[in-house]
Amino acid sequence: MYDIAVIGGGVIGCAIAREMSRYRLGIVVVEKYEEVGFGTTKTNSGIIHAGHHSPPDTLKGKLVVRGNKLYDRLCKDLNFGFSRIGELVVARSESEIPELERLKKQGEAKGVPGLEIWDRERLRNAEPNLSNTLIAALHAPSAGVINPYELANALSENAVDNGVDLKVNCAVEKIVVEKGFLAVHTSTETIKARFVINCAGVYADKIAGMAGLSDFTIHPRKGEEYMLDKRLKGLVQRLIFPIPEKNTKGILIIPTFDGTIMVGPTAQDTTDRDDASTTYEGSEQVFGFVSKICPSITERDTITEFAGLRAVSNTNDFIIGPTRIKGFINAAGIQSPGLTCAPAIALYVRDILKSEGLVLEKKKNFKPHLPGPPRFASLNDEQQRRLVEKDRLFAKVVCRCELVTEAEIHSAVDHGARTLDGIKFRSRAGMGRCQGGFCAPRCMDILSKRLDKPFQEITKRGGDSWVVKKMMDS
Amino acid sequence: MIEIKKYICIGCPVGCPLQLEHEKDRIREVTGNECNRGAKYARQEFTDPRRSISTTVQISGALRQRLPVKVSGAIHKDQILEAARKIHELKVMAPVEIGQVLFKDFLGEKGIDVVACRSMKRIAEAMTACRTKKHRRSKAGKPE
Amino acid sequence: MLGRVEKKYGVVVVGGGPAGMGAALGARDCGEEKVLILDREPEAGGILLQCIHSGFGMHYFREELTGPEYAERFLQKVIDHDIDVLPGSYVSGVAVDSGGSKKVRIMSESHGLITVETKSVVLAMGCRERTRGAVRIPGTRPSGILTAGLAQKFVNLKGYLPGKRIAILGSGDIGLIMARRLTLEGCRVEGVFELMPYSNGLTRNVVQCLEDFDIPLHLSTTVAYVHGRDRIEKITVAPVNPDLKPDMSRAWDVPCDTLLISVGLIPENELTQNLGIGLDVVTGGPLVSSTLETSMPGMFACGNVLHVHDLVDYVTREAMLAGRFAGEWSKGVRRPKDNIRLVPGDNVRYCVPHTLSPEREHTIHLRCKAAMKPCKIRVGSLMEKKLRFVFPAEMIMFKIKPDLLDKFHGDTLRIDILPLEKGERVD
Ligand SMILES: Cc1cc2nc3c(=O)[nH]c(=O)nc-3n(C[C@H](O)[C@H](O)[C@H](O)COP(=O)(O)OP(=O)(O)OC[C@H]3O[C@@H](n4cnc5c(N)ncnc54)[C@H](O)[C@@H]3O)c2cc1C
Ligand code: SF4
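Remember, predicted model here, so these are calculated numbers, not experimental data.

About the criteria used
- Residues numbered from 1 in each chain as written.
- Chains lettered and ligands numbered in written order.
- Predicted model: local features only at pLDDT ≥ 70, side-chain atom pairs only at ≥ 80, totals over all residues.
- Heavy atoms only, no water.
- Helix = DSSP H or I, 4+ residues; strand = E, 2+ residues; numbered from the N terminus.
- Buried < 20%, exposed > 50% of the residue type's maximum accessible area, 1.4 Å probe, protein only.
- Contact = heavy atoms within 4.5 Å.
- Areas by Shrake-Rupley, 256 points an atom, 1.4 Å probe, with all protein chains shown as cover.
- Phe/Tyr/Trp six-rings, centres within 6.5 Å; stacked < 30°, edge-to-face > 60°.
- Lys NZ or Arg CZ within 6 Å of the ring centre and 35° of its normal.
- Near = heavy atom within 4 Å.
- Nonpolar A, V, L, I, M, F, W, Y, C, P; charged D, E, K, R; others polar.
- pLDDT = per-residue confidence, 0-100.
- Patch = residues over 30% accessible without salt bridge, like charges linked within 9 Å, V, L, I, M, F, W, Y side chains within 5 Å.
- Salt bridge = Lys/Arg side-chain N within 4 Å of Asp/Glu carboxyl O.
- Polar contact = N/O pair within 3.5 Å; in protein donor to acceptor, adjacent residues only side chain to side chain.
- Buried area = accessible area lost by both parts, 1.4 Å probe.
- Domains from an automatic or database assignment.
- Pairing = 2+ DSSP bridges.

Novice: Describe in detail the overall build of chain B, supporting the description with residues and values.
Specialist: Along its length, chain B carries three helices and ten strands. Ordering the α and β elements of chain B from the N terminus gives β-β-β-α-β-β-β-β-α-β-β-β-α. By the burial criterion, 42% of the 144 residues in chain B qualify as buried. Taking the contacts inside chain B whose residues are at least 6 apart along the sequence as the reference set, 45% of them involve residues at least 24 apart. As presented, chain B carries roughly 8,400 Å² of accessible surface, and 52% of it is formed by carbon and sulfur atoms.

Novice: If you had to explain unusual backbone geometry to someone new, which residues and values would you point to?
Specialist: Leaving glycine out, the prevailing phi sign among residues is negative, and the prevailing peptide bond configuration is trans. Of the consecutive residues Ala94(B) and Pro95(B), the connecting peptide bond is found in the cis state with omega at 0°. Mapped onto the elements, Pro95(B) comes out in the loop between strand S8 (91–93) and strand S9 (101–103). Of note, the bond from Val352(C) into Pro353(C) is cis; its omega dihedral lies within 30 degrees of zero at 0°. Here Pro353(C) lies in the loop between strand S22 (348–352) and strand S23 (355–356). Notably, Gln435(A) is not glycine yet its phi reads approximately 50°, a positive angle. Checked against the element boundaries, Gln435(A) lands in the loop between helix H11 (420–427) and helix H12 (440–451). Residue Gln435(A) is classed as partly exposed on the basis of its relative accessible area, which comes to 25%. Backbone geometry at Arg62(C) places phi at a positive 55°, although glycine is not the residue there. Along the chain, Arg62(C) falls in the loop between strand S3 (54–56) and strand S4 (65–66).

Novice: Any details on the packing of aromatic side chains? Residues and values, ideally.
Specialist: The geometry of two aromatic rings is summed up by the distance between their centres and the angle between their planes. For the coordinates displayed, the defined rule picks out 17 aromatic pairs over all chains. Ring geometry for Phe455(A) against Phe154(C): centres 6.2 Å apart, planes inclined by 65°, an arrangement best described as edge-to-face. With one member in each of two chains, Phe455(A) in the loop between H12 and strand S23 (469–470) and Phe154(C) in helix H4 (residues 148–158) form a pair that bridges those chains. Classification of Phe154(C) by relative accessible area gives buried; the value is 1%. Taken together, the ring pairs in this structure connect Tyr60(C), Phe61(C), Tyr70(C) and Phe74(C) into an aromatic cluster. For Lys469(A), the ring lying beneath its charged end belongs to Trp466(A), and the centroid distance is 3.9 Å.

Novice: Quick rundown of the site of ligand 2? Include the residues and the values.
Specialist: Close to ligand 2 lie Cys9(B), Gly11(B), Cys12(B), Gly15(B), Cys16(B), Asn33(B), Glu34(B), Cys35(B), Arg37(B), Gly38(B) and Arg388(C). Those residues lying near ligand 2 are distributed over chains B and C. Counted by class, the shell around ligand 2 contains four nonpolar, four polar and three charged residues.

Novice: I'd like a rundown of the confidence of the model for chain C, residues and numbers included.
Specialist: Looking at chain C, pLDDT values average 94 and 100% of them are 70 or higher. Of the two predicted TM-score estimates for the complex, the pTM is 0.89 and the ipTM is 0.93.

Novice: Give a description of a nonpolar patch on the surface that names residues and reports values.
Specialist: A cluster of nonpolar side chains, contributed by Val160(A), Leu166(A) and Val168(A), occupies part of the molecular surface with about 190 Å² of accessible area. For Val168(A), the location among the structural elements is in the loop between strand S9 (165–167) and strand S10 (172–178).

Novice: Please set out the site of ligand 1 residue by residue, giving values where relevant.
Specialist: Residue and element names in this part refer to chain A. Looking at ligand 1, there are 39 residues lining it, with Glu31, Thr41, Ile47, Ile334 and Thr340 nearest. The side chain of Glu31 places a nitrogen or oxygen atom 2.5 Å from an oxygen atom of ligand 1. A distance of 2.7 Å separates an oxygen atom of ligand 1 from a polar atom in the side chain of Thr340. Relative to its free-state accessible area of 1,000 Å², ligand 1 is covered by the protein chains to the extent of 96%. Of all elements in the fold, only helix H1 (11–20), strand S13 (218–228), strand S18 (302–313) and helix H8 (338–355) reach the threshold of two or more residues within the shell around ligand 1.

Novice: Run through the interface of chain C and chain B, naming residues and quoting values.
Specialist: Between chain C and chain B, the contact holds 33 residues from the first and 32 residues from the second. Taken over both partners, the interface formed by chain C and chain B buries close to 2,900 Å², and the fraction arising from carbon and sulfur atoms is 54%. At the boundary of chain C with chain B, the tally comes to seven salt bridges. Linking Lys70(B) and Glu69(C) is a salt bridge whose minimum nitrogen-to-oxygen distance equals 3.0 Å. For the pair chain C and chain B, the interface holds 13 residue pairs in polar contact (both at pLDDT 80 or more). Within the residue set of the side of chain C that touches chain B, elements represented by two or more residues are helix H2 (67–80), H4, helix H5 (173–184) and helix H6 (203–210) of chain C. For the side of chain C that touches chain B, the per-class residue count stands at eleven nonpolar, eight polar and 14 charged.

Novice: Quick rundown of the domain arrangement of chain C? Include the residues and the values.
Specialist: For chain C, the assigned domains read domain 1 (8–128 + 266–330), domain 2 (131–263) and domain 3 (340–419). Relative placement of domain 2 of chain C and domain 3 of chain C: their C-alpha centres are 35 Å apart.

Novice: So what about the pattern of salt bridges? Which residues, and what values?
Specialist: For the structure shown, the criterion picks out 79 salt bridges over all chains. When the shortest N-O distance is used, the salt bridge between Asp416(C) and Arg414(C) registers 2.8 Å.

Novice: Give me the sheet that holds strand S8 (residues 144–146) of chain A: which residues, what numbers.
Specialist: In sheet architecture, strand pairing relies on hydrogen bonds along the backbone and comes in two forms, parallel and antiparallel. Residues and elements named next belong to chain A. Read across the open sheet, the three strands follow the order S3-S8-S4; overall the sheet is antiparallel. Looking at which strands have only one partner, the edges of the open sheet turn out to be strand S3 (47–48) and strand S4 (82–83). As judged from the two bridges shared by S3 and S8, these two strands associate in the antiparallel manner. Bridged to Ile48 within S8 is Gly144.

Novice: Explain the environment of Asp57(A) residue by residue, including any values.
Specialist: Residue and element names in this part refer to chain A. Within the secondary structure layout, Asp57 lies in the loop between S3 and helix H2 (59–78). Look at Asp57 and you get exposed, because its relative accessible area is 64%. The spatial distance from the C-alpha of Asp57 to the C-alpha of Gly327 is 27 Å, given a sequence separation of 270 residues.

Novice: Tell me about the interface of chain C and chain A, residues and numbers included.
Specialist: Each partner contributes to the interface: chain C provides 51 residues, whereas chain A provides 58 residues. Between chain C and chain A, a total of about 4,600 Å² is buried, with carbon and sulfur atoms accounting for 53% of that surface. Together, Glu109(C), Arg136(C) and Arg141(C) form the three largest contributors to the area buried by chain C at its contact with chain A, with a combined 16%. A salt bridge links Arg229(C) to Asp272(A); the shortest N-O distance between them is 3.0 Å. Inspection of the region where chain C meets chain A yields 27 residue pairs in polar contact (both at pLDDT 80 or more). The biggest single contributor to the side of chain C that touches chain A is H4(C), with five residues. Residue composition of the side of chain C that touches chain A, by class: 18 nonpolar, 14 polar and 19 charged. By the bridge criterion, two bridges tie S23(A) to strand S11 (residues 160–161) of chain C in an arrangement that is antiparallel.

What follows is the structure, given as structure tokens:
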């Protein structure tokens, strides 16, 4: 019997599991995909919002500034890529300036630090590649970027280091309310737990439904993002936001943690909960809009594109809290800024669990720290030499576009990568302009050896995502 | 009865659309060609279309698992698929030298052999073993 | 010698494909004794090792060879000429000191992190394929979408199939060759879909790789959507309007488990760019002088890293030339700077080299923008050459003699491809 079963290994589930692993509790995370973070978590913009966007009377508005602040500590502990590069909300006409002022006031009321309105000249000096038709901007220095999949991986790995069980390829199919506990029936086994935390992203209403709850619904809203060639690195230094629209913060220019520029997302309601497709309309919308703000961005520089689903609830806010079923707790409707809020949500859920009667007793041997993955390409000569002396495989290049070495691939496998995407998200191999053309066979060789699986059984991301078949005569 | 067969000339990038007029097996005329090569090509295609073929076969004891091979002379077009299937029955052991004949008088035609397109050295078993042993590391070892 | 590397060289060649081997041999030919070839793959030979079909060497060896045969013949020459070859070595940078000597930084599993010093460097890194991202196909992102070259590697080098039911986007030669190759391996090829109204591959490949096996080639058609969650399940294809946008009202679905992308090649200029060498935006390769020297003195380029060639024989020829000049350079020969700039004019997409000098004969390589037949090439007012045809897929080559250039006093020479005038005929 577990104390807590977390359903869903996205960033929210992982953050909660990791937070709760500080206490003497039996915890399990149940994830239906091959690896954690393969849901919405790997397909978002990676922005740690400053917090001025969301209204203060919503739960997301309340958690966002706290979440943002918690990132410094979290990053120190877990060594994922995080950088506070700051954000600019840009105004294209005089009529938009009052909106900048409104956002500034809203932010200040919530405690967002350092908000400032910049005039045209200051904006041009700071971001010379933006269109010269922009007339002012709101600067929020505390906004930052992370690699979201790195965060999910680090959280789950640290949770596992601290005793949490992680079950992947394990989909929840039924939940039975028993006396004093809940029985979670999955595709592989039945798990008993006193508390179940529903962090199933776009499927959270389905999971709640399994427990007999029907008080909310989730409506997926798709966002398409377009990653641009590294030729454009450095084009903008900060996150660039337009004046927000009704449903979204609009289409953004995002210098990702690695410096590559990404543009998006769109906001399109859909009924298909697995719809990760990109569309002509989406790209037209993104590039049509972005080129007005930054004229040197064109569709031709796209190296890859993807889409993610925001789990928008019928209240348009987070739904976090206990339910009429004792022990069943929702962490649902976690749309943007869910990533930013993740560490704050974890604390919020901890307090809920406490008030629901869970006894929290701190572990003495909790290990908060996780060394980050080795990043050969970002080291100086001396550091590189030292690594190579320790391990010759640091001198064997596997991914040429991002300069990833074989030792880093092994490290990714050591840290849980089981698929090509798993390797990509941990080591960057396959993320560059050739999109795996060079490194995929090498990574497959390594996975095949390390996992002791035949070459043809290596997948892109688990399930039926096979890469090759055997030849007739072999 | 006069019939027409159509070809595209592969002699050069112009790719002339060729028309070959024939009565049964007798060629009457080739038209559409901008130069002589086109006419020659159409006649050859009509009377005895031939193709060269190359593929790979399994090899053991070498750095790679496949050895590229070719058929030393052009074979009749209709025999391509059959030839490919037949070549696949070959299994080769390293070492192999470039040009080495792996299958003599293939398809029963004299002088048309299956030959190796490259040399492959033998990699000692021991070396292959030590290569895999390097992999490695205690922590993940063999993940579940 | 294979696997040997010393501290100092006259010429270091980055890349061990046909261009790299040709350049090394060229450098040896002109008397340079210390030549090293570096290649990141476990064997030298480059892309030729996976191109197991025949069609190589007709010009150079007067014999039709397969890729591996062409590579092995060259590798043998390289070894016979006592050139050092270090496979499995990745060049991560080149530092140039004030004296012009270059330190090549190498990563290699067998040697660790090492630097070798050299007087000249030849860049011969080849090219890479454009990917799905570069052509932007909407839809899902399942497994089973890969470039034709990667599929070729899986099949010919590793012995695995990319799938069983194949669709191919783009009619580049690698895609066509793979259509036949996969058919021979028992796969079903559903069709080749080409955006343009003409094939990008050689007619010979269209005939022998598609028509021979009744594989349909759909021109002016594109893949408009990819379906499938984990693995690709089908594609939606649609004819395109004159603006090259798909006409969805005429679209249809093609079931498949694999989509090969064969939409062109781009020079692999990661390293070149990092060195701050000037690039030609059209070719994607470096700007070079008539000695195939880049904007960085003592740094040369040849083969597909310079511009994408159609035939390996031409790569070899260009590479030998680059190697010869690199060898000369390392021995201290400094030729006068080129003083004539070549500029692409009407219907000329690019020309290489980018500058000329009046002291030697030059071979100019160029590509046209649009097919034209018959036509003539006009080089400033110096010369005209009539041609039966020009095609974008076929590189055009011609020579300019030094005596012609002697008479030329300007500093830019414009090259045009023009239709013939009334009364003009190709002889
Ligand atoms: C395009 C886009 C851009 C965004 N940009 C930002 C941003 O810049 N900054 C920001 O703060 N937020 C952003 N967000 C929001 C943020 O990504 C989400 O709030 C966050 O990732 C939600 O994490 P999650 O763990 O709730 O969901 P998910 O990552 O979807 O995790 C849910 C997990 O539950 C699993 N699961 C589902 N059903 C079952 C079952 N039956 N059994 C077992 N497991 C199951 C799934 O497989 C999945 O792994 C963005 C969202 C989108 C779509
Ligand atoms: S007939 Fe002559 S011109 Fe026409 S395609 Fe054949 S070789 Fe070229």
